[in-house]
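Structural overview
Given next are the chains, with one letter for each unit.
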Amino acid sequence: GDGACSDCPANRGTVVSGLKTACKPCAAGEFATRAGCKPCSDGSWAQESSAVCTCLPGWTRTEQGGKKRSTESACFPCPANTFKAVNGSVACLACPTEWTSPEGSTQITDCVPGITGAVWSMVSA
């Protein structure tokens, strides 16, 4: 060859073994980077040979209002009083008014009638 380097396809990580460099598919739970396969962060998963990790239900990269966190590619749990039932980076949905749910909720059924934290603080004071 002419010694020119080439990047691996988007769904394969670079593996260096001795003087040889090869491209290999990343395992499930990993995503491909130029530096090789890296594990997905908490709250996300990738199929085998994937170039990206997808946020799991109850986790998102999108804040309320649809704005994506630009400084962090990791998924974070849905805030309390919200839920997300699907894979992907869509925003978490709010529970009905005056209903609550724990952080990381995955279904609307996780929302229950209750007193929100601020109201509870005033009642219990």
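Everything discussed here concerns the structure shown above.
Residues numbered from 1 in each chain as written. Predicted model: local features only at pLDDT ≥ 70, side-chain atom pairs only at ≥ 80, totals over all residues. Heavy atoms only, no water.

Assignment of secondary structure puts T60 in strand β7 (residues 59-60). On the basis of relative accessible area, T60 is assigned to the buried category, the value being 0%. Within the structure, T60 has its side chain in polar contact with the backbone oxygen of V90 (distance 2.6 Å). Ignoring any residue separated from it by four or fewer positions in sequence, one finds T60 in contact with C55, A74, C75, F76, K84, S89, V90, A91 and C92. (Helix = DSSP H or I, 4+ residues; strand = E, 2+ residues; numbered from the N terminus. Buried < 20%, exposed > 50% of the residue type's maximum accessible area, 1.4 Å probe, protein only. Polar contact = N/O pair within 3.5 Å; in protein donor to acceptor, adjacent residues only side chain to side chain. Contact = heavy atoms within 4.5 Å.)

Across four bridges, the pairing between strand β3 (residues 30-33) and strand β4 (residues 36-39) is antiparallel. Directly across from T33, in β4, lies its bridge partner G36. Counted along the chain from β3 to the antiparallel partner β4, the turn is two residues long. (Pairing = 2+ DSSP bridges.)

Looking now at the side chain of S105. Tracing the backbone through its elements, the reader meets S105 in the loop between β11 (99-100) and β12 (112-113). Non-local contacts of S105, meaning those with residues more than four positions away in its chain, are made with G58, C78, T82, F83, K84 and D110.

A complete count under the given rule lists five disulfides for this structure. Here C26 connects covalently by a disulfide to C37, the sulfurs 2.2 Å from one another. Measuring the twist about the S-S bond at about -90°, one finds the C26-C37 disulfide to be left-handed. With C26 in the loop between β2 (20-25) and β3 and C37 in strand β4, this residue pair connects regions lying 11 residues apart in the sequence. Residue C26 is classed as buried on the basis of its relative accessible area, which comes to 0%. Between the sulfur of C55 and that of C75 lies a disulfide, 2.0 Å long from S to S. The sign of the -90° torsion about the S-S bond sets the C55-C75 disulfide as left-handed. Residue C55 is found in strand β6 (residues 54-55), and its partner C75 is found in the loop between β7 and β8 (76-77); the two are separated by 20 residues along the sequence. Assigned by exposure class, C55 and C75 land together as buried. (Disulfide = S-S within 2.5 Å.)

Take the environment of E30 next. Within the secondary structure, E30 is located in strand β3. When the C-alpha atoms of E30 and A46 are compared, they prove to be 5.9 Å apart, with 16 residues separating the residues in sequence.

Our next topic: unusual backbone geometry. If you check the backbone angles, S49 has positive phi at about 65° while not being a glycine. Turning to its location among the elements, S49 is positioned in the loop between β5 (44-45) and β6. Taking relative accessible area as the criterion, S49 reaches 24% and is therefore assigned partly exposed. The phi torsion at E98 lies on the positive side, around 65°, for a residue other than glycine. Along the chain, the position of E98 falls in the loop between β10 (93-94) and β11. Here E98 falls in the exposed class, since its relative accessible area comes to 60%.

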